[in-house]
Structures are given as C-alpha cells and as structure tokens.
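# Structural features, examined
Spelled out, the chains give:
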There are 2 protein chains.
Amino acid sequence: MDVARSELFETGTPVACASCQARHGVVCGALSNGQLRELNRHSLRRKVEAGCEIIAQGSESSFYSNIMRGVVKLCKMMQDGRQQIVGLQFAPDFVGRPFVRESTLSAEAATDAEICVFPRNLIDRMISETPELQRRLHDQALKELDAAREWMLTLGRRTAGEKVASLLYLIATHAEPQTATSTAFDLPLSRAEIADFLGMTIETVSRQMTRLRKSGVIRIENFRHIIVPDMDELERMISA
Amino acid sequence: MDVARSELFETGTPVACASCQARHGVVCGALSNGQLRELNRHSLRRKVEAGCEIIAQGSESSFYSNIMRGVVKLCKMMQDGRQQIVGLQFAPDFVGRPFVRESTLSAEAATDAEICVFPRNLIDRMISETPELQRRLHDQALKELDAAREWMLTLGRRTAGEKVASLLYLIATHAEPQTATSTAFDLPLSRAEIADFLGMTIETVSRQMTRLRKSGVIRIENFRHIIVPDMDELERMISA
DNA sequence: ATCTCTGTTTGATCTAGATCAAACCATACC
DNA sequence: GGTATGGTTTGATCTAGATCAAACAGAGAT
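Everything quoted here is computed from the prediction, not taken from an experiment.

### Concerning the layout of surface pockets
What the largest pocket holds in volume is close to 1100 Å³. Lining of the largest pocket is provided by 40 residues; of these, K143, D146, A147, L170 and H174 of chain A occupy positions nearest its centre. Secondary structure elements with two or more residues in the lining of the largest pocket: β5 (83-90), α4 (131-157), α5 (160-174) and α8 (231-238) of chain A together with α4 (131-157) of chain B. For the lining of the largest pocket, the element with the most residues is α4 of chain A, which contributes 12 residues. Along the lines of polarity and charge, the residues of the lining of the largest pocket split into 19 nonpolar, 8 polar and 13 charged. Lining the second largest pocket we find 33 residues, and of these K143, D146, A147, L170 and H174 of chain B sit closest to its centre.

### Description of the nonpolar core
One recurring pattern in soluble globular proteins: nonpolar side chains tend to sit buried together. In this structure, F185 of chain A together with L168 and F185 of chain B are the most contacted members of the largest nonpolar core, which totals 104 residues. With residues up to four places along the chain from it excluded, the contact list for F185 of chain B reads L168, I171, A172, A175, R224, H225, I226 and V228 of chain B.

### Here's the deal with the domain arrangement of chain A
All names here are of chain A. The domain boundaries assigned to chain A delineate domain 1 (15-154) and domain 2 (158-237). Computed over C-alpha atoms only, the centres of domain 1 and domain 2 are separated by 26 Å. With 15 residues of domain 1 in contact, the opposing surface of domain 2 contributes 14 residues. Summing the contributions of domain 1 and of domain 2, the shared interface buries around 1300 Å²; its carbon and sulfur component is 64%.

### Let's talk about the UniProt feature "domain: Cyclic nucleotide-binding" (unreviewed entry) in chain A
When the UniProt feature table is mapped onto this chain numbering, "domain: Cyclic nucleotide-binding" (unreviewed entry) sits at residues 27-144 of chain A. Helix makes up 29% of residues 27-144 of chain A and strand makes up 36%, while its end C-alpha atoms are separated by 15 Å.

Criteria and thresholds
Residues numbered from 1 in each chain as written. Chains lettered and ligands numbered in written order. Predicted model: local features only at pLDDT ≥ 70, side-chain atom pairs only at ≥ 80, totals over all residues. Heavy atoms only, no water. 1 Å grid on protein atoms, 1.4 Å probe; cavity = no way out; pocket = protein on both sides within 12 Å on 5 of 7 lines; lining within 4 Å. Points joined across faces, edges and corners; volume = space filled by probe spheres on them. Helix = DSSP H or I, 4+ residues; strand = E, 2+ residues; numbered from the N terminus. Nonpolar A, V, L, I, M, F, W, Y, C, P; charged D, E, K, R; others polar. Core = buried A, V, L, I, M, F, W, Y, C linked by side-chain atoms within 4.5 Å. Buried < 20%, exposed > 50% of the residue type's maximum accessible area, 1.4 Å probe, protein only. Contact = heavy atoms within 4.5 Å. Domains from an automatic or database assignment. Buried area = accessible area lost by both parts, 1.4 Å probe. UniProt positions renumbered as here; feature names shortened; annotations may be inferred.

Right, here's the structure in full:
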C-alpha cells in the first residue's frame, strides 16, 4: 500500500494552478503570481488510493502537500500496535510540518484522494520570504490545536455514545453537501478506524451506531452512508 | 479566587526586562531593544496564587502573558461539570491566543505563580511588524500541537497505570532540578487535577500511585513530593 | 451460482476502572 | 490540647466497555 517518498515525485500530472480549487487556500492564497508560477513548475498532482501512506511516522519527508480531494487521517502508533488517530484533514487542507524534520505521526489517505505535492525546501524558502504565508500556516496550526484539544475532551471525558455522536457530528460538519436540516454523507473511516479515533473497540463502535440507528438519530445505508434527519438531535447526543 | 481581567492590569509591579529570565524567551527574545522598551512601559509583573483563573473559557481576554514562575493548566469544561485538562504550561512559556478573540479554554494557575502581563493589542501589532516573533509563536503553536497529539494517544490508548506514569514522566522532564539518574519534584497538580488531565477518577489515580510506590518506581513524601530513583524504570512503565 | 475474503453486527462473558463509602492524615484554627 | 477541614488513601461493589466468539453481508473471483 505504501508509496515510497521518491515515487510521489516521480509520478503524477502537472498542476493547473489557475483553475485550482486551492488557488486561494492556506498556502497558494498567500503567494504572488510569480511565486505561484515557480511552485507550479515544481509541483505534481497525484491520485493516492485509500490506505496509502503519505508521510511515515518517524521518517523525514521532503515534501508537503495540499489535499485536493478526499480525507487524510493522522495516526500515532505504539510499538505494541496500539494506534490512535489524532486528526482528520479534509480538502483543501495543507499537510506537512514546517520547521521540523522528523514526523511524529503518519499521514495516510483514509479515502481515495488526490493531493498536490510540493518540494519541501521550496515552500520553506517561500515561508521565510512571505509573512502572509507564515501567518496563514500559523493560523492553521492554531486551528488544528483547537481541534486536538476539543478531541482530548472527547477522549477523556465523554461516554461511548457521546464519542460516536461527536465523530458523526465532526464528519457531517466537514462533509460538503447539506440540505437545510437533514444531512447525508459517506463515512471516510471504517469501524476499525473510528475505534482508533475514539479510543475504543470496533464492537463498541458498532453497538453505539446501532443504538443511534434504532433511536432514529441516524439512518445507515450500506455501512458507510449515513443520513442524519435532524442535526440538532445529533448535537444533543453530544452534550457539548 | 478569580481575578477580574481589569484587575490584572491594575495591580502588579513594573517589569525589569534587562535582568528578566524570559528576556530571550519566545516573545521577548524576538524583540528589538526599542520594542522591548515599549513593551516594558506597558507590562506588569504579577503574583497569582494557585487556583486563580488567568483566562476564562468563553471570554475575550485583552492581554497575553509570560509565565515567570509556576505552572498553569489549560482546562476545558462541559456544562454538566465534566472537565478535561488539555495542557500544562511551565515557565517561561507564553500564554495567549493570537488572531482569535474568544478563548475556547480557561487558563488557571495550578501552583502559586508569577506572570508578566502584556496588553494584547500591543503584542498583536508587534507580531505583524516582526516576522521573527511570528515565527517563534508559530513554532510554539506547533510544539503545543505535538504535545496535545501525544496526549491524545495517552488518553485514548493507554491503561490507567501507563497514564499515571506518563504524567509523572511529563512533569519530571519539565521540572527544573535533576541529578544524573534520580529525579525529584513537587507535583503541581492535586489528585483531582491529575484525574482531570488523565481522564479518570481520583480513586484510580491514587491506586495507581500507590502501585508505583509499592513497586519501587517512585517514592512519595507528603502527597506532593515525588522521587524517581530511576527515570529509565519510569519510562519503561509507559511503553511509549 | 458458489466460494472466498474482509468488514460488520450481534451475543455471552469478563474485567479495568468507576462508583459508593469509610477511614486516614496533615494543616489550621479555636 | 481538641476539632473542624480538605485532600488523600483504602476497601467493597458495580458497570461500561473490553474481550471472546459466532453469525452475517457485501464484493470479487472462479
């Protein structure tokens, strides 16, 4: 499943920045036309399939990327195999860690995804030359910090039922298409991944999902597709 | 116990930047002599006692501060009273959240402490004028993010015994004075606070502490003072 | 259509940690 | 000295969630 780091640079298609949805995102939105042209020449757009490891825990990575489509999970693993997902990133988030050489976590495509890969040293140079880029990356780091701390509350103090509701709520509010009250989306995570995100077992995840289903808070189609008839109802399950 | 925000500005003693231990810290280390003089004129040094709330969850705060002495805990509280400590800050850390008006967490002195209080708008201006300051704050945000994610692993996937060992290890490695192998320190947190940091109950915390004591990994004097004869031994309890 | 194979649900049982309750122990105050 | 007081430990019991085990369901492959 893994993709060697070099391979990520060797394959892929050229980038069309002008028509890119991330043109005004965290990174590219901070760049001048000249910078963007330079970045364009050295970047590649790549499809990665679900399960593909983009950055490996404990390794040095020589690139950053933008998520163009799909969901990426950030994982920390212990030697004995216990695993914790510590964050999810959605398009058009930026993935990578300025300043630090070695990653303390792995980033892995949770769904089939598309990423736009940048050489690390090029971006590092642009950060040092572009205060606005620095500001935006700083701002994203603070948002991720808030999200991490919010999830610490979920991990430490919420019950199994509240945890699953929190996860569904998180995904529902980050998935794209929503009608007025009702919301539908595909879960980007398997039951095992949900368990690793919530710090519990797949059996408990499954039981809590059927509890939510039987109480009418959600409908489940084909294991992965979730319909939330009333988001307020779901929100109430969290006791935020 | 709480200190009104305005009060934090009204009382306190002038700052002596030249001889200050935080002179080369995250914030002040990035400033020119001129900036430092200006900051000096508008800052105050204050003692705060254990339990004093420095920033309240859900409120706007009009200042930032440096911790000069003591330990500050960052807490998130649910309406029903459940609480989770999401981080500890040690001297000479910076406390505050640039860019964001309303705090999603509270900051409270865990021990008697001393802080150096800066007006928010002054620092915000200096951030926009000083790329080096921005870089350092960005760097600190990334360090806090790493720490938060590391703790997510502890909350989600470690056992009660491993959790307590993790906490002792965290504090031991942040407390100042250490000899070659053996380490001694005062716990900055009560059993109740430890429980809120580890997502468990005080009884379980207490039981795990006595387990560690009886197995010789730690010695406990006067509830708060901890001696770790062999840090490697403690580290082994974590199964990092 | 049948047979994997992998992910999911459901059921039965067990246990780590929570809860309930009491004893303990410093410190401060009368 | 006694005696409140707040934090801490220890003990007895309970339970939410883990573990063990089996059935189930969809997607490919033959």
